[in-house]
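Per-entry structural report
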Amino acid sequence: MTHIKIRNQVAIPLSSGNCVGTFISFSGLSSNHEHIAIRFGSAELDNPLVRIHSECLTGDVFTSQRCDCGPQLNEAIARLNEEGGLLIYLRQEGRGIGLYAKLDAYRLQDGGLDTFEANTHLNFPEDSRDFSHAAQMLHALNVRRCRLMTNNPDKVIALKSCGIEVDYAIPTGVFVTEHNRHYLQAKVAKKNHLIDL
Ligand SMILES: Nc1nc2c(ncn2[C@@H]2O[C@H](COP(=O)(O)OP(=O)(O)OP(=O)(O)O)[C@@H](O)[C@H]2O)c(=O)[nH]1
Ligand SMILES: [Zn+2]
């Protein structure tokens with residue numbers, strides 16, 4: 001594994017959750033993206049609560065109802081602030097295909113394809129994300145074991161294959177709207193997400 005180190009740590013007050021997050025940048029990441037870790041409270045490093053969240057500009061910033069990213073991010077920040085822990089925010093927008101391609105995929109979804117079919121129709125894998133960067137960041141933070149907030153079994157498998165033990169997975173809330181029901185159903189049907197719809 002590449003040798004990665006903490007580059008800088010800066011405390012930033014956040015209105016969401018009315019808390020302070022310490023934003024941690026890294027040097028030596030084997031990625032061109034500026035992935036970031038945010039530490040809340042006095043996160044113990046033995047077995048911390050961790051949320052690994054992939055960037056979703058439309059959902060995280062603009063409150064898009066097409067997905068569940070915004071509510072999941074807010075839920076994670078609130079819980080991490082309460083209990084202490086780490087948010088690993090990966091800049092792999094659109095499951096790794098980028099924002100423009102995600103918008104192309106949305107158009108195809110409006111024509112009837114599901115969220116995974118739209119990706120393959122555009123000649124992308126169903127999910128291009130690489131969670132090894134999250135594992136590298138956790139290693140640099142001296143975390144070898146964590147309690148992961150996720151419904152996605154692939155994240156647990158990916159972390160374990162990179163030497164991070166997942167003590168147990170904590171399900172996130174289920175945030176269904178009339179606009180994201182089809183998106184959530186596809187995650188359950190095709191990627192075994194543990195969401196009770
Ligand atoms: N290609 C594509 N990406 C999408 C679509 N909807 C949301 N996304 C992206 O999916 C990713 C969602 O990431 P997460 O919430 O971390 O992960 P998850 O796989 O849903 O798993 P959880 O840990 O259970 O939330 C973000 O990068 C979004 O931009 C879509 O329709 N097409
Ligand atoms: Zn989203």
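Structure's up top.
Residues numbered from 1 in each chain as written. Chains lettered and ligands numbered in written order. Predicted model: local features only at pLDDT ≥ 70, side-chain atom pairs only at ≥ 80, totals over all residues.

Some remarks on the pairing of strand β7 (residues 165-170)
- The sheet contact formed by strand β6 (residues 145-149) and β7 spans five bridges and is parallel. Its bridge partner lying in β7, Leu 148 is registered against Ala 169. (Pairing = 2+ DSSP bridges. Helix = DSSP H or I, 4+ residues; strand = E, 2+ residues; numbered from the N terminus.)

Some details on unusual backbone geometry
- Despite not being glycine, Thr 63 has its phi angle at roughly 55°, a positive value.
- If you trace the backbone, Thr 63 turns up in the loop between α1 (57-61) and α2 (69-83).
- With 11 C-beta atoms packed within 10 Å, Thr 63 lands in the exposed category.
- Its identity as a non-glycine residue notwithstanding, Asn 142 has a phi of 65°, on the positive side.
- Its place among the elements puts Asn 142 in the loop between α5 (132-140) and β6. (Buried ≥ 20, exposed ≤ 12 C-beta atoms within 10 Å, placed from the backbone.)

A word on the nonpolar core
- Val 50, Leu 87, Ile 88, Ala 134, Met 137 and Leu 138 are the most contacted members of the largest nonpolar core, which has 33 residues in total.
- Going through the elements one at a time, β2 (19-27), β3 (36-40), β4 (49-54), α2, β5 (85-90), α5 and β6 are the ones with two or more residues in this core.
- Sequence-distant contacts of Ala 134, defined by excluding residues within four places in its chain, comprise Ile 52, Ile 88, Leu 90 and Leu 159. (Core = buried A, V, L, I, M, F, W, Y, C linked by C-beta atoms within 7 Å. Contact = placed C-beta atoms within 7 Å.)

Looking at the site of ligand 1
- Residues in close proximity to ligand 1 total 23 residues, the closest being Ser 54, Cys 56, Thr 150, Asn 151 and Asn 152.
- Every element with two or more residues in the shell around ligand 1 is listed here: β4, α2, α3 (99-110) and α4 (115-121).
- Within the shell around ligand 1, the residues separate by chemical class into six nonpolar, twelve polar and five charged. (Near = placed C-beta within 6 Å. Nonpolar A, V, L, I, M, F, W, Y, C, P; charged D, E, K, R; others polar.)

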